[in-house]
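Structure assessment
Read off the chains here:
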Amino acid sequence: MNPSPDDLKSWLRDALSEAGAIASGFAVASTVDPDEADGFARWTEEGNNAGMEWLTRHADLRRDPRLLLDGARTVVSVAFPFRQQRLRDKSLPQISSYAYGKDYHDVIRKRLRPVCRRFTEMCGSATRICVDSAPVAERYWALRCGIGRRGDNGAVIIDGYGSFLFLAEILLSAELPPDAPSSAGCLHCGRCASACPGKAIMPGGKIRAQRCLSYLTIEHREPFPETGESAEALRSPAGCRTLYGCDICQDVCPFNAGAATTGPLPEFLPANPAMLTLDSAGAAAMGEEDWRRFTAGSAMRRANPAQLRRNALRLRRD
């Protein structure tokens, strides 16, 4: 006897929990709400994506996940925790905590593949795992699947766990019962916007990337500008202490202050002890082979050796 859609959904939710997910939700695969799609298009048209031109590509895929998997009928949104104590001394330049451990792309795929393989064996459904690797509106689908609320800083917040989360999606050709979309909102306390060093947070959970320290120290590939809004963000007190990424808007969020003490998956704990002691002089002195060893298996490879040296040299000068 074949399992029912309800049984399949229950099995999959349990299997995802066993794989380390703290939340999972289900939605009908369909086109993204026009207001969401139009809002994203306006955001890029206004240049708020800065140098991230890849965000403007494949708009058709971003609007309709069914184009990513033939016959897709269900979107599953999954969240994995990486929250951890600040293990680097405050006197050291800041490194975003998401980069402390192994690359989340690899970790999450490794955890989800056996689940998807078993699901296919059970019901014949095709599957596709998306971990920041396909043009999926992941935050939209997290809310559509009912797993959290959107913060004013754009982050998805899960009650009891906060926003230090990695999101992933699984597309299924099986039709499973959807969950209710999230109707919960942010507290709108304004702490994230007030604390943002570059004043990058815009209304509606949008970010002006040119002012965001995470964008500037990770995604921005060129020399830093000497004038303008990006230079202003980099000259802020926090900007003068930032080597790679920024967690400030999440650190001040009340949902994170009151979150459960659930720690990160083991893979997201610091894999390289040197990650906890790297200073600006050490980063500036890295050659390419040093960089390869230091960032092996880490999401920190998103910034190439030249970018890391650029970031570090600015800190030494300032």
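Our structure's up above, just so we're on the same page.
Let us look at the structure shown here. As the structure is a computational prediction, the values presented were derived from the model and not from experiment.

**Details of the side chain of Asn-256**
Tracing the backbone through its elements, the reader meets Asn-256 in helix α10 (residues 254-257). One polar contact links the side chain of Asn-256 to the main-chain carbonyl oxygen of Gln-250, over a distance of 2.8 Å. In this structure Asn-256 touches Arg-83, Tyr-161, Gly-162, Ser-163, Phe-164 and Gln-250, once residues within four positions along its chain are discounted.

**Details of the pairing of strand β1 (residues 23-28)**
Consecutive side chains along a regular strand alternate between the two faces of the sheet. When you tally the buried positions in β1, you get five out of six residues, the bulk of the element. For β1 and strand β2 (residues 74-81), the ladder comprises six bridges, and the chain directions are antiparallel. When the sheet's bridge partners are listed, Val-28 is paired in β2 with Thr-74.

**What to know about the pattern of salt bridges**
Pairing is possible between side chains that carry opposite charge, provided their charged atoms lie close to one another. For the coordinates displayed, the defined rule picks out 15 salt bridges. Of the charged contacts in the structure, one is a salt bridge between Arg-292 and Glu-288, with a shortest N-O distance of 2.9 Å. Of this pair, Arg-292 and Glu-288 both sit in helix α12 (residues 288-295), four residues apart, which is roughly one turn of the helix. Classification of Glu-288 as partly exposed rests on a relative accessible area of 46%. Where Arg-293 meets Asp-290, a salt bridge forms, and the shortest distance between an N and an O atom there is 2.7 Å.

**Let's talk about the nonpolar core**
Counting 49 residues, the largest nonpolar core has Leu-12, Leu-16, Ile-95, Tyr-98 and Ile-108 as its most contacted members. Contributions of two or more residues to this core are made by α1 (5-18), β2, α4 (104-123), β7 (165-172), β10 (242-244), α11 (280-284), α12 and α13 (305-317). Residue contributions to this core peak at seven residues, all from α4. Contacts of Ile-95, omitting those with residues within four sequence positions, involve Arg-88, Tyr-100, Leu-243, Tyr-244, Met-275, Leu-278 and Met-300. Within the second largest apolar cluster, 25 residues are counted, among which are Val-32, Leu-61, Leu-68 and Ala-72.

**A few points about the packing of aromatic side chains**
Across all of its chains, the model carries 10 aromatic pairs by this definition. Aromatic side chains Phe-40 and Trp-43 sit 5.8 Å apart centroid to centroid with 35 degrees between the ring planes, which places their arrangement in the tilted category. Here the residue Phe-40 and the residue Trp-43 both occupy positions in helix α2 (residues 34-45), the gap between them amounting to three residues, near one helical turn. Relative to Tyr-104, the ring of Tyr-98 has its centre 6.2 Å away and its plane inclined at 70 degrees; by these criteria the two rings are edge-to-face. Tyr-104 sits in the buried class, given a relative accessible area of 10%. Feature note: the residues Phe-82, Tyr-98, Tyr-104, Phe-164, Phe-166, Tyr-244 and Phe-268 constitute an aromatic cluster, connected by ring pairs. A cation over an aromatic ring shows up here: Arg-301 above the ring of Trp-291, its NZ or CZ 5.1 Å from the ring centre. One Lys or Arg, Arg-310, reaches over the ring of Phe-224 and ends 4.0 Å from the middle of that ring.

**Concerning the state of the cysteines**
The term disulfide refers to a covalent linkage connecting the sulfur atoms of a pair of cysteines. One pass over the full model with this rule turns up zero disulfides. The cysteine Cys-196 is free of any disulfide, with Cys-212 supplying the nearest cysteine sulfur at 6.4 Å. Not engaged in a disulfide, the cysteine Cys-253 finds its nearest cysteine sulfur in Cys-186; these two sulfurs lie 6.4 Å apart.

**Thoughts on a negative patch on the surface**
Together, Asp-33, Asp-35, Asp-38, Glu-45 and Glu-46 give the surface a local cluster of negative charge. Among the structural elements, Glu-45 can be located in helix α2.

**Considerations on the environment of Val-28**
Take Val-28: it is sitting in strand β1. Residue classification places Val-28 among the partly exposed residues on the basis of a relative accessible area of 44%. Through-space distance from the C-alpha of Val-28 to that of Ala-209 is 31 Å; in sequence the pair is 181 residues apart. Excluding its chain neighbours within four sequence positions, the residues that come into contact with Val-28 are Arg-73, Trp-141 and Pro-178.

**Re α2**
Turn by turn, an α-helix covers 3.6 residues, leaving residues three or four places apart pointing in a common direction. Helix length check: α2, at 12 residues, gives a terminal C-alpha distance of 16 Å against a target of 16 Å (1.5 Å per residue), a fit within 8%. Turning to α2, its buried residues number three or more, namely Ala-37, Gly-39, Ala-41, Trp-43 and Thr-44. Looking at the buried side of α2, the elements it contacts are α3 (59-63), β8 (201-202) and β9 (206-207). For α2, the N-terminal cap is Asp-33; the gap from its side-chain oxygen to the backbone nitrogen of Asp-35 is 2.9 Å.

Rules and cut-offs
Residues numbered from 1 in each chain as written. Predicted model: local features only at pLDDT ≥ 70, side-chain atom pairs only at ≥ 80, totals over all residues. Heavy atoms only, no water. Helix = DSSP H or I, 4+ residues; strand = E, 2+ residues; numbered from the N terminus. Polar contact = N/O pair within 3.5 Å; in protein donor to acceptor, adjacent residues only side chain to side chain. Contact = heavy atoms within 4.5 Å. Buried < 20%, exposed > 50% of the residue type's maximum accessible area, 1.4 Å probe, protein only. Pairing = 2+ DSSP bridges. Salt bridge = Lys/Arg side-chain N within 4 Å of Asp/Glu carboxyl O. Core = buried A, V, L, I, M, F, W, Y, C linked by side-chain atoms within 4.5 Å. Phe/Tyr/Trp six-rings, centres within 6.5 Å; stacked < 30°, edge-to-face > 60°. Lys NZ or Arg CZ within 6 Å of the ring centre and 35° of its normal. Disulfide = S-S within 2.5 Å. Patch = residues over 30% accessible without salt bridge, like charges linked within 9 Å, V, L, I, M, F, W, Y side chains within 5 Å. Areas by Shrake-Rupley, 256 points an atom, 1.4 Å probe, with all protein chains shown as cover. Lys, Arg positive; Asp, Glu negative; His and termini not counted. Charge placed at Lys NZ, Arg CZ, Asp CG, Glu CD. Expected span 1.5 Å × (residues − 1).

Remember that the coordinates give geometry; whether it matters functionally is a separate question.
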